[in-house]
Amino acid sequence: MKRPIRVIAVVLFLGLPGIVQAQQPDLYFQLGAVWAAPLLHDDIAGEEITTQQSIAPFVRLGAGLPLAPNIGVGLEATAAWGGYSADEGGTKTDLGNITTLSFLANLNGPIVPRLHWRVGIGMIGTLPGEDAGIFLQGGKWNALFSAGLDYYMPLLTKFDLMIGARADTHTLTPNQVTAVGFGGTQWVPQVSLGVGLSLRKTPKP
Amino acid sequence: MIRRLLPWAVLTFATSCGDSNSPLRADAYEWRFIEPAAGGATDTLSFAWPNSSQPLRIWAQDTLDLPTHASNGIAAWEAQFLYGEFRGEMVSDSNDADIIIVAGLAPAKVQLLHSMARECEGGTDVPLDPLTLVLTPPFHVFIDLRFTEGTPGVESCLDLTTAHELGHALGIFQHSPDPGDLMYSDPIVTAPSERDRNTINRAYHTPTTIQLSR
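Described in the following lines is the structure provided in the data block. (Residues numbered from 1 in each chain as written. Chains lettered and ligands numbered in written order. Predicted model: local features only at pLDDT ≥ 70, side-chain atom pairs only at ≥ 80, totals over all residues.)

1. So, the environment of Asp186(B)
Residue and element names in this part refer to chain B.
- Looking at the element boundaries, Asp186 is found in the loop between helix 3 (154-170) and helix 4 (194-203).
- On the basis of neighbour counts, which here come to 13 C-beta atoms within 10 Å, the residue Asp186 falls in the partly exposed class.
- Along the chain, Asp186 and Ile99 lie 87 residues apart, while their C-alpha atoms are 22 Å from each other.
- If we ignore the near neighbours within four places in the chain, the residues touching Asp186 are Ser115, Met116 and Ala117. (Helix = DSSP H or I, 4+ residues; strand = E, 2+ residues; numbered from the N terminus. Buried ≥ 20, exposed ≤ 12 C-beta atoms within 10 Å, placed from the backbone. Contact = placed C-beta atoms within 7 Å.)

2. A word on the pairing of strand 1 (residues 33-36) of chain B
- Where strand 1 of chain B meets strand 2 (residues 42-45) of chain B, four bridges bridge the pair, whose relative direction is antiparallel. Within the sheet, the bridge partner assigned to Glu35(B) lies in strand 2 of chain B and is Asp43(B). (Pairing = 2+ DSSP bridges.)

3. Looking at the interface of chain A and chain B
- At the junction of the two partners, chain A supplies 36 residues and chain B supplies 25 residues.
- Elements that contribute at least two residues to the side of chain A that touches chain B include exactly strand 2 (40-44), strand 3 (47-53), strand 5 (71-88), strand 6 (91-112), strand 7 (115-128), strand 8 (141-154), strand 9 (159-172) and strand 10 (186-199) of chain A.
- For the side of chain A that touches chain B, the leading source of residues is strand 6 of chain A, giving six residues.
- Per-class residue counts for the side of chain A that touches chain B are 20 nonpolar, 13 polar and three charged. (Nonpolar A, V, L, I, M, F, W, Y, C, P; charged D, E, K, R; others polar.)

4. Quick notes on the sheet that holds strand 9 (residues 134-135) of chain B
Residues and elements named next belong to chain B.
- Overall, mixed pairing links the three strands, which are arranged 8-9-11 in an open sheet. The sheet is open, and its two borders are formed by strand 8 (128-129) and strand 11 (211-212), each paired with just one other strand.
- By the bridge criterion, two bridges tie strand 8 to strand 9 in an arrangement that is antiparallel. The residue of strand 9 that forms the bridge with Asp129 is Val134.

5. Here's the deal with the nonpolar core
- With 72 residues, the main nonpolar core has Ile58(B), Ile99(B), Ile101(B), Val141(B), Ile143(B), Leu170(B) and Ile172(B) as its most contacted residues.
- Broken down by element, the residue count for this core peaks at seven residues, all from helix 3 of chain B. (Core = buried A, V, L, I, M, F, W, Y, C linked by C-beta atoms within 7 Å.)

Put into C-alpha cells, the structure is as follows:
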C-alpha cells in the first residue's frame, strides 16, 4: 500500500515536469476581463430597460491531456466578478455585484505551433452578491458554449506566455424573471481576453 | 478537426443573440388620483418615489408587532420589481422616515385612502398639497384593530393591511376593483397579485405629475 502512495508522491512532486514533457499536457492560468451582452431587455409601459453587466475581471485555470496527435481534451474553471445595472433612458440604477463561475469541458488543438483553437461546453452559475432585482430568488446554473483561440509565446524554460481570446454564449433564466412572466430563453454572448502562463507548448529552440 | 468544429461554434454564437420575451403587463388597474378640474375636465395625478429617494426609510410604531408587519410589507413590494425601483429599510427614528406607520384610527382627512379588511383596518394619509401638486413626506399610515389582539386572523390581517397601505404610500392612489388583488378596498389576499405587480411597475415607469419636496 505504501509503495503506490510513494510512487504517486514522487510523480507529483518530482516527476510531473517529466510527464508534462512526455505527454504534452495542458496546464495554464489566465487573468483577464470579460464583456457580456445585456442580461435582459424589458419594456414597461413603453420604457425600454436594459440590464447589463460591467466588464468584469476574471481568473481562469485549465488543465488537459492529449487525446490524439493533434487533439487535446481539457477542463477549465473561470471565476469573474463585476457589477450590474439597469439602464432606462440613460438613467442607470446600480443593482449590486454578481460573481459568475463557469466550468468548461473542451477540445483543443494546434492550428500552427503557436496558435491553438479551443471549443467547449459547460455550465455557468450566476451568484448574486445579494438576492435582489432579477436575482431576488437567487442565481441559477445555465448551459455555456465556448470557442476561442490561444496564442503561446516562449517565456521561460518550462512556461509560455499564453494569450487567450474566447467567444462564449450562455443561457440566463433567473427564477425571478420567469416568476414575473418572462418567456423564452435569454442568450447572453460574451467575449473575454486573458493573459497568463501555460506549461510550455511551443517548440524548444 | 477544427474545420469540422469551427462552423458549429460560429453558428452557435451567431444564433445565440435571442432575447427572452418580456411580459406585457397589460392587466393593470388605474392607480392615479383622477381629480375634477375646471370646466368639467379631470386631472390625473400620479406619483412614484424617484430613484434618488431609494431606499425609502420606513418607521413603524413598536406595537401590534407593526415593525415585523412593515418588514414583511417591504419584502412583498420589493419582490414586485426587477430593477431596484423600490427598496425599503426600517429606521429607528421617525424623524428620518419617508413613511410612518402607527397604530390607531386614521383621522378624517381629504387625501386619505382607507381599507377595511375583516379583522383590522388601515388608512394612508397622502401628504399632497392639491393646489401646488407638491408632495411633502412623510406619508402616515394608520393600522387599527377591529377585534382584540390574539383573535384568530388578526395577525394575518395586520400583515396584509400593512402591505396594502404601503402600496398606497408607494404610489397606488386607487383601489383595485378586483378582490383577488392586495390593493382591493377590503383586502383579503395576503400578497400582491400579478395585477398589483403590473400596476406598480407601470406606476414606476410612467411620467409622474406630482412633485416630491424634501
